[in-house]
Amino acid sequence: MDSKVTVKIYGQEYTIAGDKSEEEITRIAEYVDNKMRLISRACGDAMQGNISILSAINIAEEYFEALREVELLRTAKQQMENDSKYYLKMWEDAKKNFAQYKDNMAEMKNQKQESDERFKELQSKCTEFENSFFDLQMENIQLKSELEKLKNNR
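This write-up is about the structure you can find in this document. Everything numeric in this text was worked out from a predicted model, so none of it was measured.

### Concerning the overall build of the protein chain
- Of regular secondary structure, the protein chain possesses two helices and two strands.
- In terms of overall dimensions, the protein chain is more spread out than a globule: its C-alpha atoms have a radius of gyration of 49 Å, far above the 15 Å expected for 154 residues.
- Every one of the 154 residues in the protein chain was classed for burial, and the buried ones make up 9%.
- Taking all contacts inside the protein chain whose residues are at least 6 apart in sequence as the whole, residues at least 24 apart take part in 22%.
- Carbon and sulfur atoms provide 56% of the accessible area of the protein chain, an area that totals close to 13,700 Å².

### Section: the nonpolar core
- Ranked by size, the top nonpolar core spans eight residues in total: V5, V7, I9, I25, A29, M36, I39 and I51.
- Contributions of two or more residues to this core are made by β1 (3-9) and α1 (22-43).
- I51 has contacts with Y10, M36, I39 and S40, leaving out every residue within four places of it along the chain.

### A short note on the packing of α1 against helix α2 (residues 51-153)
- Following both chains from N to C, one finds α1 and α2 inclined at 115°, their axes separated by 9 Å at the closest point. Two packed elements cross with a definite hand, and for α1 against α2 that hand is right-handed. For the pair α1 and α2, the contacting residues are Y31, V32, K35, M36, I39, S40 and C43 in the first and I51, S52, L54, S55, N58, I59 and E62 in the second.
- Its residues placed into classes, the contact of α1 with α2 shows eight nonpolar, four polar and two charged.

Calculation notes
- Residues numbered from 1 in each chain as written.
- Predicted model: local features only at pLDDT ≥ 70, side-chain atom pairs only at ≥ 80, totals over all residues.
- Heavy atoms only, no water.
- Helix = DSSP H or I, 4+ residues; strand = E, 2+ residues; numbered from the N terminus.
- Rg over C-alpha atoms; globule rule 2.2 N^0.38 Å.
- Buried < 20%, exposed > 50% of the residue type's maximum accessible area, 1.4 Å probe, protein only.
- Contact = heavy atoms within 4.5 Å.
- Areas by Shrake-Rupley, 256 points an atom, 1.4 Å probe, with all protein chains shown as cover.
- Core = buried A, V, L, I, M, F, W, Y, C linked by side-chain atoms within 4.5 Å.
- Axes fitted to C-alpha atoms, helices over the stretch in contact; angles between N-to-C directions.
- Left-handed = near helix turned anticlockwise from the far one by under 90°.
- Nonpolar A, V, L, I, M, F, W, Y, C, P; charged D, E, K, R; others polar.

Next comes the structure, spelled out in structure tokens:
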């Protein structure tokens, strides 16, 4: 959008044409005018001829400072993006580890259940063997007793 605007900078009228809107061109002209008036007040009458140069230097300094800040922000943004990627990867790894943990716990639960059942079976067999052993001991005692009676009767 081509615009043509008449502006007043430091008491002088200028017609400025550009691809910015009228409001933007006016805002920029006001900024330059304010900067020149500020420097004029600071320097006094002795430097009147250099006001535009000093204003340009001040504005250029602000521009380069803004460029440095933009570069710092870009660097910080890149670091944040890298950090975000790193933390997202850590999050994904944690989710995978948690899923693996849940699977392992389910498998261990099944193994425990199987072990408990096997333990009960073995315990039952052990009880059977103990009972059989007790029965055999009783039978042995009975046989010994009969054998003793037979020996004594002879």
